[in-house]
Each structure stands twice: as structure tokens, then as C-alpha cells.
Amino acid sequence: MVKIIEAKVKGRGVRVAIVVSRFNKFITEKLLNGCVNELVRCGVRKGDIVVAWTPGAFEVPLVAKRFARKKTVDVVIALGAVIRGETYHFEMVAQGATQGIMQVSLDTMKPVIFGVLTTETLDQAYKRSEEDGDNKGKDAAQAAIEMACLLEKI
Ligand code: INI
């Protein structure tokens with residue numbers, strides 16, 4: 001018989017740290033709103049959510065690691081926006097953030113959810129950070145709760 005681990009996905013009691021990049025703030029603040037609204041809608045208490053801003057996406061992994069090492073944090077959500085059209089060193093910032101975030105998660109054994117947009121154009125970034133539509137911050141919130149509940153069970 002195969003044992004399937006099925007965790008109830010519910011937000012109440014999950015303690016979340018969000019690290020969000022200030023670079024391209026007009027996009028990242030919409031990701032942050034989408035993320036917080038979805039966390040609360042799923043039952044996470046506002047008092048169990050902490051938010052820290054970084055200058056850019058490149059700095060997100062270090063702050064994420066600080067949070068991930070805390071016993072009072074169950075899951076970290078990383079939010080940012082790296083837009084190719086806006087930067088010549090897109091690849092370096094995008095790769096640094098992506099690999100750094102994955103490394104933090106494996107190093108600390110805590111889920112660190114990847115909510116950093118890496119897009120070709122500003123328009124694509126807008127389309128993934130809509131208030132009432134596609135919003136990667138909202139997706140990140142759902143992934144965060146699911147991972148926190150799953151890891152709790154294993
Ligand atoms: N940071 C971003 O979050 N997104 C970007 O598109 C970006 N661009 O365009 O360069 C960016 N750069 C800043 C970088 O993340 C660091 O803050 C900076 O290099 C200082 O370490």
C-alpha cells in the first residue's frame with residue numbers, strides 16, 4: 001500500500017515572513033498586496049505576517065535567510081520584479097535572486113517561496129501583478145500555505 005501524505009491546507013497558525021524588493025516598486029507593491037490579501041483570505045492572522053523591504057531582488061536571499069533561521073517563522077515568501085527591458089545586467093540579478101532563494105530554502109530546510117517576476121518587458125510584469133486577476137504574489141501566498149502545511153506533516 002502506498003502512503004500518501006495529504007496535508008490540510010489552511011492558513012490559520014501559519015507564520016509568514018515576506019521579503020519584498022523596492023526596485024520596480026510600482027510592480028512589487030502590487031505583488032505584496034496580492035500576497036497579503038490572499039494570506040489573510042486563507043486564514044493567516046495579520047499578526048503572523050511580517051514584511052521586510054530590500055533595495056533590490058539581489059538582496060532578497062540574505063534577508064530571506066535571516067527570517068528562515070528564526071523559529072518564529074514557518075515560511076518565507078520572496079517577492080520582486082526583474083525586468084529585462086529595464087536592465088542590462090538582468091541575467092545576473094535574476095540568477096542571483098533565483099539561485100540564492102533556492103539555496104536559502106535547502107540550507108535552512110524552510111520553504112522559501114519564489115515570487116520574483118523575471119520578465120522581458122514592463123507590460124508582462126504588469127500583467128502578472130494585477131489587482132483582480134493574474135497576480136504572482138497571490139500565487140506565492142497559496143504556495144506558502146501549502147508548503148507550510150505539507151512540511152508540518154512530514
Ligand atoms: N533589482 C531588481 O529587483 N530588479 C531589477 O530589474 C534590477 N535592475 O534593473 O537592475 C535590480 N537591480 C538592483 C539589484 O537588485 C541590487 O539591488 C543592486 O545591484 C545592489 O546590490
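Look a little higher up for the structure.
Residues numbered from 1 in each chain as written. Predicted model: local features only at pLDDT ≥ 70, side-chain atom pairs only at ≥ 80, totals over all residues. Heavy atoms only, no water.

**Student:** With reference to specific residues and values, describe unusual backbone geometry.
**Tutor:** Of note, Asn24 is a non-glycine position whose phi angle comes to about 60 degrees, a positive value. In this fold, Asn24 is placed in the loop between strand E1 (16–21) and helix H1 (25–41). Given a relative accessible area of 10%, Asn24 falls into the buried group. Although it is not a glycine, Met109 adopts a positive phi angle of roughly 65 degrees. Its location among the elements puts Met109 in the loop between helix H3 (90–108) and strand E4 (112–119). (Helix = DSSP H or I, 4+ residues; strand = E, 2+ residues; numbered from the N terminus. Buried < 20%, exposed > 50% of the residue type's maximum accessible area, 1.4 Å probe, protein only.)

**Student:** Can you break down the pairing of E1 residue by residue, with the values?
**Tutor:** The buried fraction of E1 is high, at six of six residues. What you see with E1 is no split at all: Val16, Ile18 and Val20 on one side and Ala17, Val19 and Ser21 on the other are buried throughout. Relative to strand E2 (residues 49–54), E1 runs parallel, the two sharing six bridges. In the strand pairing of E2, Val20 is matched with Trp53. Assessed by its sense of winding, the connection that carries the chain from E1 through H1 to E2 is right-handed. Pairing geometry for E1 and strand E3 (residues 75–83), over five bridges, is parallel. Bridging across to E3, Ala17 finds its partner in Val76. (Pairing = 2+ DSSP bridges. Right-handed = clockwise from strand over helix to strand, strands pointing away.)

**Student:** Tell me about the sheet that holds E1, and name the residues and values.
**Tutor:** Strand order in this open sheet of four strands is E2-E1-E3-E4, and the pairing throughout is parallel. Each end of this open sheet is capped by a strand with a single partner; those strands are E2 and E4. For this sheet, the mean inter-axis angle between neighbouring strands, taken without regard to orientation, is 15 degrees. Strand contacts of H3: E3 and E4, with the helix running at about 170 degrees to E4, the strand carrying the most contacts. Where helix H5 (residues 136–153) meets the sheet, its contacts fall on E3 and E4, and the angle it forms with E4 comes to roughly 160 degrees. (Axes fitted to C-alpha atoms, helices over the stretch in contact; angles between N-to-C directions. Contact = heavy atoms within 4.5 Å.)

**Student:** Tell me about the nonpolar core, and name the residues and values.
**Tutor:** Soluble globular proteins tend to bury their nonpolar side chains together. If you look at the biggest cluster of nonpolar residues, it comprises 25 residues, and the most contacted ones within it are Val16, Ile18, Cys35, Leu39, Val75, Ile77 and Leu79. If you list the elements that add at least two residues to this core, you get E1, H1, E3, E4 and H5. With six residues, the single largest contributor to this core is H5. Setting aside its immediate chain neighbours within four residues, Cys35 contacts Ile18, Ile77, Leu79, Gly137, Lys138 and Ala141. Formed by 20 residues, the second largest nonpolar core is a distinct cluster that contains Ala17, Ala52, Phe67 and Val112. (Core = buried A, V, L, I, M, F, W, Y, C linked by side-chain atoms within 4.5 Å.)

**Student:** Run through a positive patch on the surface, naming residues and quoting values.
**Tutor:** A surface patch of like charges, here positive, comprises Lys3, Lys8, Lys10 and Lys153. You can call Lys153 exposed: its relative accessible area is 52%. (Patch = residues over 30% accessible without salt bridge, like charges linked within 9 Å, V, L, I, M, F, W, Y side chains within 5 Å. Areas by Shrake-Rupley, 256 points an atom, 1.4 Å probe, with all protein chains shown as cover. Salt bridge = Lys/Arg side-chain N within 4 Å of Asp/Glu carboxyl O. Lys, Arg positive; Asp, Glu negative; His and termini not counted. Charge placed at Lys NZ, Arg CZ, Asp CG, Glu CD.)

**Student:** Lay out the packing of helix H2 (residues 60–68) against H3 with the relevant residues and their values.
**Tutor:** At a closest axis distance of 8 Å, the pairing of H2 and H3 adopts a crossing angle of 15 degrees. Between H2 and H3, the angle is such that the two are roughly parallel. Remark: the crossing between H2 and H3 carries right-handed chirality. Only Gly96, Ala97, Gly100, Ile101, Val104, Asp107 and Thr108 of H3 make contact with H2, whose side of the interface consists of Val60, Pro61, Ala64, Lys65 and Ala68. A class-by-class count of the residues in the contact of H2 with H3 yields seven nonpolar, three polar and two charged. (Parallel < 35°, antiparallel > 145°, perpendicular 65-115°, else oblique. Left-handed = near helix turned anticlockwise from the far one by under 90°. Nonpolar A, V, L, I, M, F, W, Y, C, P; charged D, E, K, R; others polar.)

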